[in-house]
Amino acid sequence: MRTTEEAEGFDGEASNTSMISGASSPYQPTTEPVHSRNVLGGIRCDMEYLKSYFGILKVVEVVLSLIGFICIETIMMCSPCGGVYFFEFVSCSAFVVTGVLLIIFSLNLHTKVLQVNWSLTDLVNTAASTFFFFLSSLVLACINHNTGAEIAAVIFGFLVTGVYGVNTFLAVRRWRRGNGCQGAAPTSEYMRARTASRGEMEARPELA
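What counts and what doesn't
- Residues numbered from 1 in each chain as written.
- Predicted model: local features only at pLDDT ≥ 70, side-chain atom pairs only at ≥ 80, totals over all residues.
- Heavy atoms only, no water.
- UniProt positions renumbered as here; feature names shortened; annotations may be inferred.
- Helix = DSSP H or I, 4+ residues; strand = E, 2+ residues; numbered from the N terminus.
- Buried < 20%, exposed > 50% of the residue type's maximum accessible area, 1.4 Å probe, protein only.
- Lys, Arg positive; Asp, Glu negative; His and termini not counted.
- Salt bridge = Lys/Arg side-chain N within 4 Å of Asp/Glu carboxyl O.
- Contact = heavy atoms within 4.5 Å.
- Axes fitted to C-alpha atoms, helices over the stretch in contact; angles between N-to-C directions.
- Left-handed = near helix turned anticlockwise from the far one by under 90°.
- Parallel < 35°, antiparallel > 145°, perpendicular 65-115°, else oblique.
- Nonpolar A, V, L, I, M, F, W, Y, C, P; charged D, E, K, R; others polar.
- Expected span 1.5 Å × (residues − 1).
- Disulfide = S-S within 2.5 Å.
- Core = buried A, V, L, I, M, F, W, Y, C linked by side-chain atoms within 4.5 Å.

- The name given to the chain in an unreviewed UniProt entry is CKLF-like MARVEL transmembrane domain-containing protein 4, with the source organism recorded as Cottoperca gobio.
- Taken directly from UniProt, the Subcellular location (unreviewed entry) text for the chain runs: "Membrane".

Structure follows, in structure tokens:
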């Protein structure tokens, strides 16, 4: 009987000792969730952007630039070739740059790189594409051999110029609105801080 009581006492002491050592041990079990290290896990297609004015304009610009580039690439012989090469360079560059921006905006990658002013970047791209597409289309319209590929390239060049022009107008409005909001925020915070400081001075005249 005594042996049983001693064994129970020893078990109780052992359990208490293990609880104390477990509480003081630096290696405690954790229930914190293990975060995935996959960086691309948060990337998703933003359908709202693709349905917006900017998304639709970007898609149209990419398609028309590609069609214009294909048309100019079908020309086998030209003399002089300056207008053809100029239009080829402009259409290819606009297709690549606008396509990259479309991917960045549609996948919300711009939210992960906050150091870049994406509104200004989009504005510069659309304004430059408008100017150079208009210039290259005008040069190709004046210097061509009246072939079907050249005429088609000129038509699509002026069409994409109009689309880029609309996008530039909307981008300017968005950029101005964004700058206005950024400028108004510090001003409002300054006025709130000044009002709070004035209220504190009135509540505590000894600070004056």
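### Remarks on the side chain of E150
Phase 1: Here E150 lies in helix 6 (residues 148–203).
Phase 2: Buried charge without a salt bridge: E150, with K58 as the nearest opposite-charge side chain at an N-O distance of 29 Å.
Phase 3: If we ignore the near neighbours within four places in the chain, the residues touching E150 are I75, V84, L140, N144 and H145.

### Some points on the packing of helix 3 (residues 53–73) against helix 5 (residues 118–142)
Phase 1: Viewed as axis vectors pointing N to C, helix 3 and helix 5 meet at an angle of 30°, and their least axial separation amounts to 13 Å. Crossing geometry of helix 3 relative to helix 5 is assigned as left-handed. Contacts from F54, K58, S65 and I72 of helix 3 reach helix 5 at D122, T126, F133 and L140.

### Some points on the UniProt feature "transmembrane region" (unreviewed entry) in the chain
Phase 1: What UniProt calls "transmembrane region" (unreviewed entry) maps, in this numbering, to residues 53–72, 84–107, 127–144 and 151–172.
Phase 2: Measuring from the first to the last C-alpha atom of residues 127–144 gives 26 Å, for a span that is 89% helix and 0% strand.
Phase 3: Taken end to end, residues 151–172 has its terminal C-alpha atoms 32 Å apart, with 100% of it in helix and 0% in strand.

### Brief notes about the packing of helix 4 (residues 82–106) against helix 5
Phase 1: Contact geometry for helix 4 and helix 5: axes closest at 9 Å, N-to-C directions at 155°. When the axis of helix 4 is compared with that of helix 5, the two are roughly antiparallel. Relative to helix 5, helix 4 is oriented so that their crossing is left-handed. Across the interface between the two elements, G83, V84, F86, F87, V90, S91, A94, V97, T98, L101, I104 and F105 from helix 4 touch W118, T121, D122, N125, S129, F132, F133, L135, S136, S137, V139 and L140 from helix 5.
Phase 2: Here the contact of helix 4 with helix 5 is composed, by residue class, of 15 nonpolar, 8 polar and 1 charged.

### Things to note about helix 4
Because the α-helix completes a turn every 3.6 residues, residues three or four places apart line up on one side.
Phase 1: For helix 4, built from 25 residues, the straight-helix expectation of 36 Å at 1.5 Å per residue is met to within 8% by its first-to-last C-alpha distance of 36 Å.
Phase 2: Immediately beyond the C-terminal end of helix 4, within one or two residues, lies N108, with a positive phi of roughly 60°.

### Digging into helix 3
Phase 1: Taking 1.5 Å per residue as the helical rise, helix 3 with its 21 residues ought to reach 30 Å, and the 30 Å between its terminal C-alpha atoms agrees with that figure.
Phase 2: Along helix 3, the residues classified as buried are F54, G55, L57, K58, E61, V62, L64, S65, G68, C71 and I72.

### Topic: the state of the cysteines
One covalent bond between the sulfur atoms of two cysteine residues makes up a disulfide.
Phase 1: The full count for this structure, using the stated rule, is 1 disulfide.
Phase 2: The disulfide that involves C78 links it to C81, with 2.0 Å between the sulfurs. Here the disulfide of C78 and C81 is right-handed, its torsion about the S-S bond being about 115°.
Phase 3: Judged by its relative accessible area of 16%, C81 falls in the buried class.

### Quick look at the nonpolar core
Phase 1: Ranked by internal contacts, the top residues of the largest apolar core, which has 16 residues, are I72, F87, F133, L140 and A153.
Phase 2: Those elements that provide at least two residues to this core are helix 3, helix 4, helix 5 and helix 6.
Phase 3: Element by element, the count of residues in this core is highest for helix 6, at 5 residues.
Phase 4: Those residues within four positions of A153 in sequence are excluded, and the remaining contacts are G68, C71, I72, F87 and L140.
Phase 5: Counting residues in hydrophobic clusters, the runner-up holds 10 residues, among them Y49, L101, I104 and F105.

### Looking at unusual backbone geometry
The phi angle of most residues is negative, glycine excepted, and most peptide bonds adopt the trans form.
Phase 1: Unlike most non-glycine residues, N108 shows phi in positive territory, near 60°.
Phase 2: Summarising the element assignment, N108 is placed in the loop between helix 4 and helix 5.
Phase 3: What makes N108 buried here is its relative accessible area of 16%.

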